[in-house]
Amino acid sequence: MEIDIGQLGVRLPRGEVGMVIAQPYVEFVSHEPFSIKPENRDAAIASIDATMTIALECAHGAEKTHFTIFPECVLPGLDGFDRITAAMNDRGWPTSTVVLGGLEGLTRAQFGELIQRPNTAFDEVGSSLERIRQDQWVNCCVTWAKLESGEVCSWIQPKIEPAGVELQVSHQSMFKGQSIFLFKGTYAKTNIPYRFATLICFDWIGARDQRRIWEWLLLHIDQKAGEIEAQLPLTWLFVAQCNPGPSHASFMSQVQPFFNPLHFPNVLRDETCLVMANVAGNVVPGMAEQYGRSAVIFATSKFMKPECMPTYCNGGELQRPGNPLENFKDAVFRERGACIHSFRQLNPSALLPGAAGKRHALADATVHPFPGTTDPRTPNGLVPAVVKWVNDELDDSEKSLETHYPQLPLASAAGVAHQRSVNALRLLPAAALSKTILVASPGTNSVPDHWRDTQSQAVKHVLHTFSILEAAQYPAMFHGNGAQATIMKGDLGVEVVAVIGRRHEECDMHVIGQLPEHRGQLLLVSRDEDNTSWDPRMRTIFDQAAEPTKELNITDPTSAVIRVGYQDVLKAYRDAVNQSALREAIDAAIS
């Protein structure tokens, strides 16, 4: 069903648009129609308010947020619908803007109330109330538009094909919609057309009458173009998801055929922006095994593929295991926990040809918190890759020394020290965090998107080392300025590096190479793959001094280095009956 919102006064800029994607964490009741849990409804309303506020603030730098997107099933029914409508009716909400989002499952009666709301439209034939049985519920999305006149209109689109969880029901069944709203218009100050539509999660891979749902959409545009002997674009396709497996082969396998120009050749898709908006996999920012991975995907060659941008990455094997989308520009937002994404999306059709027009697909991609969250991964700004990666690693309670040795006398002290180290590391700027990891792990690529278990083990080694030092009453001041931290030995400041590698010699040479300008004493706590003690006979070719000194000798780069094997530090911790005994053992090791 085509809606000419251009005639209604919605004029979008051709060059770039501002977008905001809500990525809330939602929990549903376990029975049909799978509504949001009653105890979470106030939080769902607060998430709407927070997202609409971010949209108004325009952190992305565009003149306004042209598209505000809520994933599938996150809006709490009629209350959510009314909340968004009221926000858009406010005089402060700009015109020529679009909000779209998925409502929680609705009963037949609730859907009947929804379609009676003022200025709403729906497929009165295919989705009429008469077609919905009493034992059916409705999963639908809504597209709101604020017209140039200030009027807010909305279009209601039921989901067409149910997902597996919506088929595995005991009492009712999901009503199957019959149509997709296709919105069209022309860019501001031009006669160049744009078109956009929304699919609800499984509709991206679902089929009806031997065709995928997206194929029916392209077929319609292709036929319309043929009637006027022209080609027409599909500028944006939004896929609102509540999808535990956003990178599953079934989802990713549709990307290539969707963009294939040989199919439906009258539909221009080389410059289509495919927006995958998913719910969060965690109630707070952090790692998640499911959900998340909201993304913006392009087929065009006009965009550059950045090596390591803040906030989002290039997808690849880590984000798309087995389905890396190698021939596409796949901008995947790293944060899988609850947050709000804001960014500016460039329109490839407005770029100059050749090298002069090469740009990144997204600009000023920032991450924002929902109410009650304070976290470096949702700073109301850019999130460097290293900040996201390190903070995710710091969330892992299994990296605590107390967890490894809960029975030891100093376990509690180590637990306190661990948390202090975690808190301090979270506050470090990106450059210091990067240096902290690079100096701890020989041979590490500088791009955090490539970091895996080796670097994760380095984080654990750093935390364990400094937990023991603090339990020995050597509190560390983390700074990441070459060395990772400083401890005070009397009036003398000693720089400390914890490093883990295959051999102690490798660790030694790596640290010296990382810190060519170091001055003063340096305590190097190295761990080899067998966790053995440091053997003084294994001195590097650069190290000729018999004893460490307090200051660097310019003819001997390692004269002020105190080398200790982590095995010895750990043994001192395990053998100590109290903090004084541990302090005495550590003093003996580093004197």
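Further up the page is the structure itself.
This structure is a prediction, so every number in the text was calculated from the model and none was measured.

Participant: Hey, could you go over the pairing of strand β4 (residues 97–102) for me, with residue numbers and the actual values?
Facilitator: In the case of a regular strand, side chains alternate between the two sheet surfaces. For β4, a buried count of six out of six residues is recorded, marking the element as mostly surrounded by other parts of the structure. Here β4 shows no split at all, with Thr 97, Val 99 and Gly 101 on one side and Val 98, Leu 100 and Gly 102 on the other all buried. As defined by bridge partners, strand β3 (residues 65–69) adjoins β4 across three bridges and the pair is classed as parallel. For Thr 68, the partnering residue across the bridge sits in β4 and is Val 99. Since β3 and β4 lie parallel, the crossover through helix α2 (residues 77–89) that links them has a hand, and here it is right-handed. Pairing of β4 with strand β8 (residues 140–146) involves six bridges; the strand directions are antiparallel. By the bridge assignment for β8, Val 99 is matched with Trp 144.

Participant: Break down the sheet that holds β4 for me, citing the residues and quoting the values.
Facilitator: A sheet is described by the order of its strands in space; here eight strands give the open sequence β6-β9-β8-β4-β3-β2-β22-β23, paired in mixed fashion. The open sheet has two edge strands, β6 (120–122) and β23 (362–368), and neither has a second partner. Put simply, the sheet's adjacent strands are angled 15° from each other on average, direction ignored.

Participant: Describe the pattern of salt bridges, listing the residues and the values that go with them.
Facilitator: Going through the model one piece at a time under the given rule, you end up with 25 salt bridges. Note that Arg 83 and Asp 49 form a salt bridge whose closest N and O atoms lie 2.7 Å from each other. Taken as a pair, Arg 83 in helix α2 and Asp 49 in helix α1 (residues 41–57) lie far apart in primary sequence, 34 residues in all. The class for Asp 49 is partly exposed, based on a relative accessible area of 29%. Between Asp 587 and Arg 583 there is a salt bridge, with the nearest N and O atoms lying 3.4 Å from each other. You can see Asp 587 and its partner Arg 583 sitting in helix α16 (residues 579–590), four residues apart, about one turn around the helix.

Participant: Hey, could you go over the environment of Leu 523 for me, with residue numbers and the actual values?
Facilitator: Among the secondary structure elements, Leu 523 is positioned in strand β27 (residues 522–527). Remark: the alpha-carbon pair of Leu 523 and Val 496, spanning 27 residues in sequence, is separated by 4.7 Å. Not counting chain neighbours up to four residues away, the residues in contact with Leu 523 comprise Ile 487, Val 494, Glu 495, Val 496, Val 497, Ile 562, Val 564 and Ile 590.

Participant: An account of a nonpolar patch on the surface is requested, with residue identities and associated values reported.
Facilitator: Nonpolar side chains collect at one region of the surface, where Tyr 25, Val 283 and Val 284 lie side by side and expose about 250 Å² of accessible area between them. Tracing the backbone shows Val 284 in the loop between β18 (273–277) and β19 (295–298). Judged by relative accessible area, Val 284 falls into the partly exposed class, the value being 39%.

Participant: Tell me about the sheet that holds strand β10 (residues 173–174), residues and numbers included.
Facilitator: The strand order across the open sheet formed by three strands is β5-β7-β10, and the pairing between neighbours is mixed. Each edge of the sheet is formed by a strand with only one pairing partner; in this case those strands are β5 (106–107) and β10. When strand β7 (residues 136–138) meets β10, the two strands line up parallel, connected through two bridges. Bridging across to β10, Trp 137 finds its partner in Met 174.

Participant: Just give me the short version of empty space enclosed by the protein, but keep the residues and values in it.
Facilitator: On inspection of all chains with the given rule, the structure shows three cavities of 30 Å³ or more. Roughly 90 Å³ of internal volume is contained in the largest cavity. Around the largest cavity sit 13 residues that line it, and Met 304, Pro 306, Asn 314, Lys 329 and Ala 331 are the ones nearest its centre. Contributing elements (two or more residues each) for the lining of the largest cavity: β19, β20 (312–313) and β21 (329–333). It is β21 that contributes the most residues to the lining of the largest cavity, three residues altogether. For the lining of the largest cavity, a count of residues per class yields nine nonpolar, one polar and three charged. Empty space within the second largest cavity amounts to approximately 50 Å³. Considered class by class, the residues forming the lining of the second largest cavity number eight nonpolar, one polar and no charged.

Participant: Tell me about the environment of Val 569, residues and numbers included.
Facilitator: One can find Val 569 in helix α15 (residues 566–575). A residue is classified by how much of its surface remains accessible, and Val 569, at 6% relative accessible area, is buried. The spacing of Val 569 and Leu 582 is 13 residues in sequence and 9.2 Å in space, taken between C-alpha atoms.

Calculation rules
- Residues numbered from 1 in each chain as written.
- Predicted model: local features only at pLDDT ≥ 70, side-chain atom pairs only at ≥ 80, totals over all residues.
- Heavy atoms only, no water.
- Buried < 20%, exposed > 50% of the residue type's maximum accessible area, 1.4 Å probe, protein only.
- Helix = DSSP H or I, 4+ residues; strand = E, 2+ residues; numbered from the N terminus.
- Pairing = 2+ DSSP bridges.
- Right-handed = clockwise from strand over helix to strand, strands pointing away.
- Axes fitted to C-alpha atoms, helices over the stretch in contact; angles between N-to-C directions.
- Salt bridge = Lys/Arg side-chain N within 4 Å of Asp/Glu carboxyl O.
- Contact = heavy atoms within 4.5 Å.
- Patch = residues over 30% accessible without salt bridge, like charges linked within 9 Å, V, L, I, M, F, W, Y side chains within 5 Å.
- Areas by Shrake-Rupley, 256 points an atom, 1.4 Å probe, with all protein chains shown as cover.
- 1 Å grid on protein atoms, 1.4 Å probe; cavity = no way out; pocket = protein on both sides within 12 Å on 5 of 7 lines; lining within 4 Å.
- Points joined across faces, edges and corners; volume = space filled by probe spheres on them.
- Nonpolar A, V, L, I, M, F, W, Y, C, P; charged D, E, K, R; others polar.

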